[in-house]
Amino acid sequence: MTAEYRYCPQCAAALAWIEGMEDGGAKSRLRCAACGFTHWNNPTPVLAAVVECTDRGGRLLLARNAAWSGRMFALITGFMEAGETPEEGIAREVKEETSLVAEAVKLIGVYDFQRLNQVIIAYHVQARGEISLSPELAEYRLFEPGDALCWPAGTGYALADWLRGRGIEPRFIDWPRRDGATATPATSS
Ligand SMILES: [Zn+2]
């Protein structure tokens, strides 16, 4: 579910839903009748990090986004920039959002997130240093891995897979309801 373009980025004519023949057969997409431009609407890659603080006893840093209404603590995420590898991108995001410096970056897996037309590439990032949050993040908490609760969506499954890899059976919270009520976060320190 992403914003739909109304005008052609090549010639500024109005886009319309037009059926065209593609490798997979006839397909209706936003296209430009004037110049032939097609808006493919491919999913956007999003990077995510399970941040392990190696200088804080291996506790995990989870953060609450300032734009969220509930008290949900989740992974550090961000978009890739042109001209960087995914590993460089997630190290950059962790630095920008928490000030922590990545020492090691290892792939956890790739996760589906069709609701936002994204694909999530999740990494285990071992990091250290002073913590200073960007304005995007309202607060953070440090969790012992066994105390971190997962959530039933893209990045939550990445955290669950990482916990399983450490021999910890993940526990899931209920997804926050629209009225703002959330499950109680795990105990933190
Ligand atoms: Zn056009």
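Residues numbered from 1 in each chain as written. Predicted model: local features only at pLDDT ≥ 70, side-chain atom pairs only at ≥ 80, totals over all residues. Heavy atoms only, no water.

Considering the sheet that holds strand 3 (residues 38-39)
Definition in use: One requirement defines pairing of two strands: DSSP has to find at least two bridges between them. The numbering of helices and of strands both runs from the N terminus, where a helix is a DSSP run of H or I of at least 4 residues and a strand a run of E of at least 2.
Spatial ordering of the open sheet is given by 1-2-3, a layout of three strands whose pairing is antiparallel. Each edge of the sheet is formed by a strand with only one pairing partner; in this case those strands are strand 1 (15-22) and strand 3. As paired strands, strand 2 (residues 25-32) and strand 3 are joined by two bridges and run antiparallel to one another. The residue of strand 3 that forms the bridge with Leu-30 is His-39.

Here we look at the nonpolar core
As a reminder, the rule being used: Nonpolar cores are built from buried Ala, Val, Leu, Ile, Met, Phe, Trp, Tyr and Cys residues. Side-chain atoms within 4.5 Å join them into one set. Remark: exposure states derive from per-residue accessible area (1.4 Å probe, protein chains only) relative to the maximum for the residue type, with buried under 20%, exposed over 50%, and partly exposed in between. The contact definition used throughout considers only heavy atoms, calling two residues in contact when any of these lie within 4.5 Å.
Of all hydrophobic cores here, the largest spans 24 residues; its most connected members are Leu-75, Trp-151 and Leu-159. At the level of elements, strand 4 (44-53), strand 5 (59-65), strand 7 (101-113), strand 8 (118-128), strand 10 (149-150) and helix 2 (154-165) are the ones that each hand at least two residues to this core. With five residues, the top contributor of residues to this core is helix 2. Apart from the residues lying within four places of it in its own chain, the contact partners of Leu-159 are Val-50, Leu-60, Leu-75, Ala-148, Leu-149, Cys-150 and Trp-151.

Points about the coordination of the zinc ion
Worth spelling out the cut-off: Water is absent from the atoms considered, so a metal site may look incomplete; donors are defined as N, O and S atoms within 2.8 Å of the metal, or 3.2 Å for Na, K and Ca. Here the metal geometry follows the donor angles, with tetrahedral for four donors whose angles all fall between 85 and 135 degrees, square planar for four and octahedral for six when opposite donors are more than 155 degrees apart and every other angle is between 65 and 115, and irregular for all the rest.
Coordination of the zinc ion by the protein involves Cys-8 (SG), Cys-11 (SG), Cys-32 (SG) and Cys-35 (SG), with metal-donor separations of 2.3 Å. Note that the zinc ion binds four donor atoms; their angles at the metal cover 99 to 120°, and the shape is tetrahedral. Donor residues for the zinc ion sit on one chain with the sequence pattern C-x2-C-x20-C-x2-C. With relative accessibility at 3%, the residue Cys-32 sits in the buried group.

Things to note about the side chain of Thr-38
The residue Thr-38 is located in strand 3 in this model. Taking relative accessible area as the criterion, Thr-38 reaches 12% and is therefore assigned buried. Contact partners of Thr-38, with chain neighbours within four places excluded, come to Arg-29, Leu-30 and Arg-31.

Digging into helix 1 (residues 86-98)
Using the following cut-off: Here a helix's expected span is defined as the number of its residues, less one, multiplied by 1.5 Å.
Between its first and last C-alpha atoms helix 1 spans 18 Å; for 13 residues at 1.5 Å apiece the expected length is 18 Å, and the two agree. Of all the residues in helix 1, the buried ones are Gly-89, Ile-90, Arg-92, Glu-93, Val-94, Glu-97 and Thr-98. Next to the buried residues of helix 1 lie strand 4, strand 5, strand 6 (76-79), strand 7, strand 8 and strand 9 (137-143). Residue Ser-99 follows helix 1 closely and has a positive phi angle near 75°.

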